[in-house]
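Reading the structure
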Amino acid sequence: MNQFKRALAILLASLMLLPALAACGETTDPADTTAPSQTTSAEEGEDTIPADELPDNLKYDGEKITFISVNPMDYDELTGDAVEDAIYERNKAVEERLGVEIEVIHEETPIDKVVTAVSSGNTDYDVMVELCWRAAPKFTGNYFYNLRNTEYLDFEKPWWNQSFTDVVTYNDITFGVTGAMVLSLYRRTYVTVFNKDLFKNANQTYLYDYVENGTWTLDKQASLVPLFHQDNGNSQQDKTGDIYGFVSNDFICVDPYWASCEVEIIRKSADGDYEWVFEPAKLHDMAEKVLNLYYGTGDAAYIEHDDVQSENTVLSVFSGGYAAMGTLCIQLLENPLMRNMEQEYGVVPIPKYSEDQKTYYSQMHDAFTIACLPNTVKSDRADMLSAVLEAMSSVSYRIVRPVYYETTLRTKLAQDPQSAAMMDLIMDNIRIDAGFVYSHSMGSFHQGFQQLVDKGENDAISRYKRMTTSAQRALEGLIRQLDKLAAQQ
């Protein structure tokens, strides 16, 4: 990092040390499962970002704070990478501000270490950062500290994903949070990419127009797929050589349709209870449209069926210029194949169910990371850890998020102003369903749709009739366990 950039990062970090003089920005009144905006437009500027409300004199005399994390959260020195350097500056700013020493232990599966530690009364770990799908099933096991009982976490601040917090909070118990502190909040969100050169050659309108006029639907996408198909002459589907209208897989690339088409599994009631709201008939109707998109155009779409490598195949086919449209998570847009793609590409949301639907919703895959405190921490230490998490997240919101979002996501990945605006739309409408958060506690309920798409037959009614009974029973057990934990608070 050059001296100017380093000085700028330090200046931004130092702003966190100032009292909260500026008024907070506009508040958001999201629906139960829609995340508030995690973005800041250029017009807003630094002075409109709210400061945290930690006491100015809060110091902890060199206390070591030990994170155990599945993802990198620290760097020993400046590396020259903008995002890594921003993370380095963030940690230094928090250490200086609170008088702590941050240590990060990287583990492939932190949950295993933490469960073992808590079961034996070990206090080696202060904060666990783990994949949501691995951590959430352990919420009922009394392994984690109730974050509602800490002093300094302010869940209403924009650096916390309030949609996730609302979904996992039950009877005033919150065992995990996610937000600007972890980049997976942005990276594991799914989008539609399109090859602008292929669209131009086919005299087709860029997808931005459909999004803006409300007509970007599954039916619209399916109607476009055949317009781009070109066989290389051997009458076979080839990963390279043929040109496809659409490339995707029948594995995790089908998960985003639950959110984009507003098919819910579990909803929070007005009383804060979990209630089962899944409608097989609505999933059946969505499946009809998805199956038509995937298979209704013959060889014009390329669908990868290999679970392990399926996303990599989608990436290689699209980045090689062999598909007009594709489904990818934002993290894969960082791949050198996309960075070095010869043709220009654009980014838009996953299409919605119909034109009657008002909003384009986006979904994070359940591999996004969350932060939890082991239940072995004492209350006074939990308060200190809550201050560290609050400071780390608020500094991330000011420093790390803008670097990633503006220089990596909006500038490098979104190659024109319209794609940048689409990124705002995508990030502003992330939808989280407790049915996904707790899916692995309910027999991987959402994965039944993956199997349906792989099979290519719309057996949603019969398939989910079988799955619903056991999933509802599992939800009832989950609620009983959470009620028991709530009574112990």
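Please read these numbers as outputs of a predicted model, since none were measured by experiment.

**So, helix 16 (residues 400-413)**
The terminal C-alpha atoms of helix 16 lie 17 Å apart, and with 14 residues this falls more than 12% below the ideal 20 Å at 1.5 Å per residue. Helix geometry: helix 16 is bent most strongly at Glu406, by close to 25°. Buried within helix 16 we find Val400, Arg401, Tyr404, Tyr405, Thr408, Leu409, Arg410 and Leu413.

**A closer look at the packing of aromatic side chains**
Counted according to the given criterion, the structure contains 26 aromatic pairs. Ring centres of Phe164 and Phe368 lie 5.5 Å apart, and the angle between their planes is 90°; this geometry places the pair in the edge-to-face category. With a gap of 204 residues between them, Phe164 in helix 5 (residues 162-168) and Phe368 in the loop between strand 10 (345-348) and strand 11 (369-372) connect regions that are remote in the sequence. Of the two residues, Phe164 and Phe368, neither departs from the other in class, the shared state being buried. Taking the centre distance of 6.5 Å and the plane angle of 85° together, the rings of Phe318 and Tyr345 count as edge-to-face. Taken as a pair, Phe318 in helix 12 (residues 310-319) and Tyr345 in strand 10 lie far apart in primary sequence, 27 residues in all. You'll find Phe318 and Tyr345 in the same group, each marked buried.

**Some remarks on the environment of Asp242**
Locating Asp242 in the fold gives a position in the loop between helix 9 (218-224) and strand 5 (246-249). The spacing of Asp242 and Asp299 is 57 residues in sequence and 9.6 Å in space, taken between C-alpha atoms. Those residues in contact with Asp242, other than ones at most four positions away along the chain, are Gln230, Asp231, Asn232, Gln236, Gln237 and Tyr322. Engagement of the side chain of Asp242 in a polar contact is seen with the backbone nitrogen of Asn232, the distance being 2.8 Å. Engagement of the side chain of Asp242 in a polar contact is seen with the side chain of Tyr244, the distance being 3.3 Å.

**Quick word on the packing of helix 2 (residues 82-98) against helix 15 (residues 379-398)**
Contact pair helix 2 / helix 15: the axes reach a minimum separation of 9 Å and the direction vectors enclose 135°. Classified by the angle their axes make, helix 2 and helix 15 are oblique. Crossing of helix 2 against helix 15: the hand is right-handed. Contacts from Arg90, Asn91, Val94, Arg97 and Leu98 in helix 2 reach Ala387, Val388, Ala391, Met392, Val395 and Ser396 in helix 15.

**Topic: the pattern of salt bridges**
One pass over the structure, following the stated rule, counts 17 salt bridges. Note that Arg381 and Asp126 form a salt bridge whose closest N and O atoms lie 2.8 Å from each other. Taken together, the positions of Arg381 in helix 15 and Asp126 in the loop between helix 3 (110-120) and strand 3 (127-131) put the pair 255 residues apart, joining distant regions of the chain. Look at Arg381 and you get partly exposed, because its relative accessible area is 24%. Each of Lys455, Glu457, Asp459 and Arg463 takes part in a single network of salt bridges with overlapping partners.

**A look at the pairing of strand 5**
Burial along strand 5 is two-sided: the face carrying Phe246 and Ser248 and the face carrying Val247 and Asn249 are both buried. As paired strands, strand 5 and strand 8 (residues 301-304) are joined by four bridges and run parallel to one another. Bridge pairing in strand 8 links Phe246 to Ala301.

**A closer look at the side chain of Ser419**
Examined against the element boundaries, Ser419 turns out to sit in helix 17 (residues 417-428). Within the structure, Ser419 has its side chain in polar contact with the side chain of Tyr208 (distance 2.7 Å). Apart from residues no more than four positions distant in its own chain, Ser419 is found in contact with Tyr208, Gly346, Val347 and Ala414.

**As for the confidence of the model for the protein**
Averaged over all residues, the pLDDT of the protein is 89; the fraction at 70 or higher stands at 90%. A low-confidence stretch, residues 1-45 (pLDDT under 50), is modelled with 78 contacts involving residues beyond four sequence positions or located in other chains.

**A short note on a negative patch on the surface**
Together, Asp271, Asp273, Glu275 and Asp483 make up a negatively charged patch on the protein surface. Structurally, Asp273 is set in the loop between strand 6 (266-268) and strand 7 (274-276).

**Quick word on the sheet that holds strand 11**
Strand pairs in the sheet, formed through backbone hydrogen bonds, run parallel or antiparallel to each other. In spatial order, the strands read 2-1-3-11; together these four strands make up an open sheet with mixed pairing. Both edges of this open sheet fall to strand 2 (100-106) and strand 11, since each of them pairs with a single strand only. Here the strands of the sheet are splayed against their neighbours by 20° on average, with no regard to which way each runs. Bridge count for strand 1 (residues 63-69) against strand 2 is seven bridges, and the pairing is parallel. In the sheet register, Ile65 faces strand 2, and the bridge partner there is Ile102. Against the sheet, helix 15 engages strand 1, strand 2 and strand 3, with an angle of about 70° to strand 1.

**Considering unusual backbone geometry**
Excluding glycine, most residues fall at negative phi; most peptide bonds, likewise, are trans. The backbone of Asp61 sits at a positive phi, close to 50°, despite the residue not being glycine. For Asp61, the location among the structural elements is in the loop between helix 1 (3-14) and strand 1. Accessibility expressed as a relative area gives 76% for Asp61, which makes it exposed. The backbone of Ser444 sits at a positive phi, close to 50°, despite the residue not being glycine.

**Some words on the nonpolar core**
Phe67, Tyr257, Trp258, Tyr294, Leu333, Tyr438 and Phe449 are the most contacted members of the largest nonpolar core, which totals 162 residues. Contact partners of Leu333, with chain neighbours within four places excluded, come to Val191, Val193, Leu328, Met338, Arg339, Tyr345, Val347, Leu413 and Met423.

**Points about the packing of helix 11 (residues 280-295) against helix 19 (residues 447-455)**
Relative to each other, helix 11 and helix 19 sit at 40°, their axes nearing to 10 Å. In terms of orientation, helix 11 and helix 19 fall into the oblique class. Along this stretch, helix 11 crosses helix 19, giving a crossing that reads as right-handed. Side by side, helix 11 and helix 19 meet where Leu283, Met286, Ala287, Val290, Leu291, Tyr294 and Tyr295 of the first sit next to Phe449, Leu452, Val453 and Asp454 of the second.

Scoring rules and cut-offs
Residues numbered from 1 in each chain as written. Predicted model: local features only at pLDDT ≥ 70, side-chain atom pairs only at ≥ 80, totals over all residues. Heavy atoms only, no water. Helix = DSSP H or I, 4+ residues; strand = E, 2+ residues; numbered from the N terminus. Expected span 1.5 Å × (residues − 1). Bend = angle between axes of the 7 residues up to and from the residue. Buried < 20%, exposed > 50% of the residue type's maximum accessible area, 1.4 Å probe, protein only. Phe/Tyr/Trp six-rings, centres within 6.5 Å; stacked < 30°, edge-to-face > 60°. Contact = heavy atoms within 4.5 Å. Polar contact = N/O pair within 3.5 Å; in protein donor to acceptor, adjacent residues only side chain to side chain. Axes fitted to C-alpha atoms, helices over the stretch in contact; angles between N-to-C directions. Parallel < 35°, antiparallel > 145°, perpendicular 65-115°, else oblique. Left-handed = near helix turned anticlockwise from the far one by under 90°. Salt bridge = Lys/Arg side-chain N within 4 Å of Asp/Glu carboxyl O. Pairing = 2+ DSSP bridges. pLDDT = per-residue confidence, 0-100. Patch = residues over 30% accessible without salt bridge, like charges linked within 9 Å, V, L, I, M, F, W, Y side chains within 5 Å. Areas by Shrake-Rupley, 256 points an atom, 1.4 Å probe, with all protein chains shown as cover. Lys, Arg positive; Asp, Glu negative; His and termini not counted. Charge placed at Lys NZ, Arg CZ, Asp CG, Glu CD. Core = buried A, V, L, I, M, F, W, Y, C linked by side-chain atoms within 4.5 Å.

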